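Breakdown of the fold
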Amino acid sequence: MSKRIEINDLNCYYGKFKAVEDVSMTIQPRSVTAFIGPSGCGKSTFLRTLNRMHEVIPGAYVEGEVLLDGNNLYGAQVDPVSVRRQVGMVFQRPNPFPTMTIKDNVLAGYRLNNQRLKGSEADSLLERSLRGANLWEEVKNRLDKPGSGLSGGQQQRLCIARAIAMRPEVLLMDEPCSALDPISTLAVEDLIQELKETYTIVIVTHNMQQAARVSDETAFFNIAGTGAPGRLIEMGTTEKIFSTPDVQDTEDYITGRFG
Amino acid sequence: MTTLTTRTNPLTAGQLPRFTLVATMAGCLIAGGVIDSIALAPFDLGTTVFLGLVLFLPVMYILSRGVEGRRAAANRTATHLITGAFLLTLLPLVSLLWETLSNGVERFDVQFFTSSMRNVIGEGGGAVHAIYGTLIVTGIATIVSVPIGLMCAIYLVEYGRGALARSITFFVDVMTGIPSIVAGLFAYALMAILFGPGTINGLAGSIALSVLMIPIVVRATEELLKVVPNELREASYALGVPKWRTIIAVVLPTALSGIVSGVILAIARIIGETAPLMIAAGFTNSVNTNPTANPMMTLPVFVYDQYAHPGIDRSFYNERAWTGALTLILIVMALNLLGRLIAKRFAPKTGR
């Protein structure tokens, strides 16, 4: 169910602008990897290259390779749609589909792809996904109500349920807690701990305590200045990055001297 | 006015009593009436109201400036100007509705909706042929325009990049501005080329109306598709949904209620077109439900015909024209109501 990601010499562009330069790293399966760094350093851009969401933006493209258990996502004839079915994503702002009920939102990945689910199969998948996202108890009596009627934290967990219902190999999370209050954040963090038993998780966060709490490995990104591309400065176990980083910039960032 | 014993709240300002507004208005109207009858005699109600209102603005400003201060006075003047503009806009609309209703109700009877003008000279007769014609011609125009307009808007918003999309947008803008009579001539010329000169029928009318309707549908739908949040598209892509399914299953349903009202407004806009139908669909006094042969009467053309070519005893023809206009307004109103109902039905669900 979970796969190793290997990234070799990756550059990301928005048209002529090079946003991320020369990133190579390995992301371990069944673990949580956190990306930290100041705003605009390319963390989110880089994350979006891992399921080919980067190229959705007009003019954006990627050089280099991303290997999912050895298979290059950017190889010729690779269908981005099938990549995204294996690498799920949760966004910064909760974005449930406003025209759908809670139930339809969770099953959206199947419904929108026109995959038929038997009634019993759909029900068990629905319950499993919502339990997986720690939301089942709160919504089990109103599955036919619209998803947009939930609170922000519940909506974000609904989006997580929607992503894990597809049973992806990897789950990408782009600042999933930045729009949430501390209690909902805690719920999502607990969930991340549970999910890493089954999935490879990559999370972008601005909150260093959060990175320290939830992640096994941490990657620090930085930019040399405005207009310069973001680079991977240092990557290692979270413990090492937060206690004895090799690079001075990392230490400065973590101790709050900049950023 | 300064008392040394009581502390005054520095946040307060003077306030005019509530009746000032009505009293000033009445005073100004009376003053207007006096000026009107003495200086501009004879007395005329319209001139009086105009003078009164022109007088009212500065009088109220000076009063308010003296008591309430500069900001409050400016606020009042702006409020009065805006309210005035609103009433001014409403005036012709209300007057039009009232005139049509009061004149149209005369012949708003069963006969009007059951008989045509076949062999009718003078009294009696009805507009059933024109009602059928309007419904058929507008219906065909809608069936043709909505899919074309919708798909064009989807192309522009979801796929179109570069010169082609820009030029389509430009030509759609140009098309919204073409005079409707040109659309009628276009349809007439097209039918003449395809089926021989002088081919006048309901289909030609529909083609003319489609030319007018497509750009309206494109414009309305384009704006609505643009406001569908990109996050929803990304959420769908991230679930491994292909782009075309995302458009059909996520983007369109989210914008559907707005699209439906846009289409209804477009229909309301073209259902009253007269000039292109006079050229392309022609005139007739008989019921014709076949859009591919012979002229077809429509309500706007019926109204024009009754008014412009009356027979002996003009009043019968004028009454029929008014009732035809009333029927047209009622159809447009019914369409608007229907649109609102549908829009409500499809609106993105909220609530807990």
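Quick caveat, the model's predicted, so the values are computed rather than measured.

Rules of the game
- Residues numbered from 1 in each chain as written.
- Chains lettered and ligands numbered in written order.
- Predicted model: local features only at pLDDT ≥ 70, side-chain atom pairs only at ≥ 80, totals over all residues.
- Helix = DSSP H or I, 4+ residues; strand = E, 2+ residues; numbered from the N terminus.
- Rg over C-alpha atoms; globule rule 2.2 N^0.38 Å.
- Buried ≥ 20, exposed ≤ 12 C-beta atoms within 10 Å, placed from the backbone.
- Contact = placed C-beta atoms within 7 Å.
- Pairing = 2+ DSSP bridges.
- Right-handed = clockwise from strand over helix to strand, strands pointing away.
- Axes fitted to C-alpha atoms, helices over the stretch in contact; angles between N-to-C directions.
- Parallel < 35°, antiparallel > 145°, perpendicular 65-115°, else oblique.
- Left-handed = near helix turned anticlockwise from the far one by under 90°.
- Nonpolar A, V, L, I, M, F, W, Y, C, P; charged D, E, K, R; others polar.
- Domains from an automatic or database assignment.
- Expected span 1.5 Å × (residues − 1).
- Core = buried A, V, L, I, M, F, W, Y, C linked by C-beta atoms within 7 Å.
- pLDDT = per-residue confidence, 0-100.
- Bend = angle between axes of the 7 residues up to and from the residue.

The helix and strand inventory of chain B stands at 13 helices and 0 strands. Counting helices and strands in the order they occur from the N terminus, chain B gives α-α-α-α-α-α-α-α-α-α-α-α-α. Here the C-alpha radius of gyration of chain B, 28 Å, is well above what a compact globule of 352 residues would show, namely 20 Å. Judged by the C-alpha coordinates and their principal axes, chain B covers about 95 × 75 × 40 Å. Taken over 352 residues, chain B has a buried fraction of 35%. The contacts in chain B between residues at least 6 apart in sequence include a share of 72% that link residues at least 24 apart.

With that settled, the discussion passes to the overall build of chain A. Regarding its fold elements, chain A presents 11 helices and 10 strands. For chain A, whose C-alpha radius of gyration is 18 Å, the value lies close to the compact-globule estimate of 18 Å for 259 residues. With respect to the principal axes defined by its C-alpha atoms, chain A has extents near 55 × 45 × 30 Å.

Next up on the list: the pairing of strand S7 (residues 170-174) of chain A. Residues and elements named next belong to chain A. The buried fraction of S7 amounts to 5 of the 5 residues, a majority that puts the element mostly inside the structure. Here S7 shows a buried face lined by Val170, Leu172 and Asp174 and a second buried face lined by Leu171 and Met173. In this sheet, S7 lies alongside strand S6 (residues 87-90) in parallel orientation, the contact comprising 4 bridges. The residue of S7 that forms the bridge with Val87 is Val170. Of the pairings in the sheet, the one linking S7 to strand S8 (residues 200-204) comprises 5 bridges and is parallel in character. In the sheet register, Met173 faces S8, and the bridge partner there is Ile203. In this view, the connection linking S7 to its parallel neighbour S8 by way of helix H8 (residues 182-195) has right-handed handedness.

Now for the packing of helix H8 (residues 202-226) of chain B against helix H10 (residues 243-271) of chain B. All names here are of chain B. Where H8 meets H10, the closest approach of the two axes is 9 Å, and the angle between their N-to-C directions is 150 degrees. By the angle between their directions, the pair H8 and H10 is classed as roughly antiparallel. For the crossing formed where H8 meets H10, the hand is right-handed. In this structure, H8 uses Leu209, Leu212, Met213, Ile216, Val217, Ala220, Thr221, Leu224 and Leu225 to contact H10, whose residues at the interface are Val251, Ala255, Gly258, Ile259, Gly262, Val263, Leu265, Ala266, Arg269 and Ile270. The class makeup of the residues in the contact of H8 with H10 is 15 nonpolar, 3 polar and 1 charged.

Another aspect to go through is the domain arrangement of chain B. All names here are of chain B. Taken as a whole, chain B is organised into domain 1 (20-106) and domain 2 (112-346). Put simply, the middle of domain 1 and the middle of domain 2, counted by C-alpha atoms, are 40 Å apart. With 5 residues of domain 1 at the contact, the number on the domain 2 side is 6 residues. For the side of domain 1 that touches domain 2, the class distribution of residues is 1 nonpolar, 3 polar and 1 charged.

What follows concerns the interface of chain B and chain A. Contact residues are listed per partner, giving 22 residues for chain B and 26 residues for chain A. Counting only elements with at least two residues in the side of chain B that touches chain A, the list comes to helix H9 (230-238) and H10 of chain B. It is H9(B) that provides the largest number of residues to the side of chain B that touches chain A, a total of 7 residues. Here the side of chain B that touches chain A is built from residues that sort into 11 nonpolar, 5 polar and 6 charged.

Attention shifts here to unusual backbone geometry. As a rule of thumb, non-glycine residues mostly have phi less than zero, and peptide bonds are mostly trans rather than cis. The phi torsion at Asp22(A) lies on the positive side, around 55 degrees, for a residue other than glycine. Relative to the helices and strands, Asp22(A) resides in strand S2 (residues 17-27).

Note that an α-helix has 3.6 residues per turn; residues three or four places apart therefore point the same way. If you check H8(B), its first and last C-alpha atoms are 35 Å apart, about what 25 residues at 1.5 Å a residue would give, namely 36 Å. Within H8(B), 23 of the 25 residues are buried, leaving the element largely enclosed by the surrounding structure.

Counting 141 residues, the largest nonpolar core has Leu171(A), Ala204(B), Val217(B) and Ala280(B) as the members making the most contacts within it. Here the element with the most residues in this core is H8(B); it accounts for 15 residues. Ignoring sequence-local partners within four residues, the contact set of Ala280(B) consists of Gly184(B), Ala187(B), Tyr188(B), Ile200(B), Ala204(B), Gly205(B), Ile207(B) and Ala208(B).

Predicted confidence across chain B gives a mean pLDDT of 89, with 97% of residues reaching 70 or more. What the predictor reports for the complex is a pTM of 0.82 with an ipTM of 0.88.

Residues and elements named next belong to chain B. As for its placement among the helices and strands, Gly149 is situated in helix H5 (residues 128-159). Judged by the 27 C-beta atoms lying within 10 Å of it, Gly149 is buried. Considering only alpha carbons, one finds Gly149 and Val217, 68 residues apart in sequence, at a separation of 5.3 Å.

Residue and element names in this part refer to chain B. Compared with the 33 Å implied by 1.5 Å per residue over 23 residues, the 32 Å span of helix H2 (residues 45-67) between its first and last C-alpha is a close match. By the largest-angle criterion, Phe56 marks the main kink of H2, which is about 25 degrees, and a proline, Pro58, follows within four residues. Where H2 is buried, its residues touch helix H1 (20-39) and helix H3 (70-104). Residue Gly69 follows H2 closely and has a positive phi angle near 105 degrees.

The subject of this paragraph is the packing of H5(B) against H8(B). Residue and element names in this part refer to chain B. The geometry of H5 relative to H8 is characterised by a closest axis approach of 6 Å and an angle of 35 degrees between their N-to-C directions. Judged by the sense of rotation from one axis to the other, the crossing of H5 with H8 is right-handed. Split by residue class, the contact of H5 with H8 holds 20 nonpolar, 9 polar and 2 charged.

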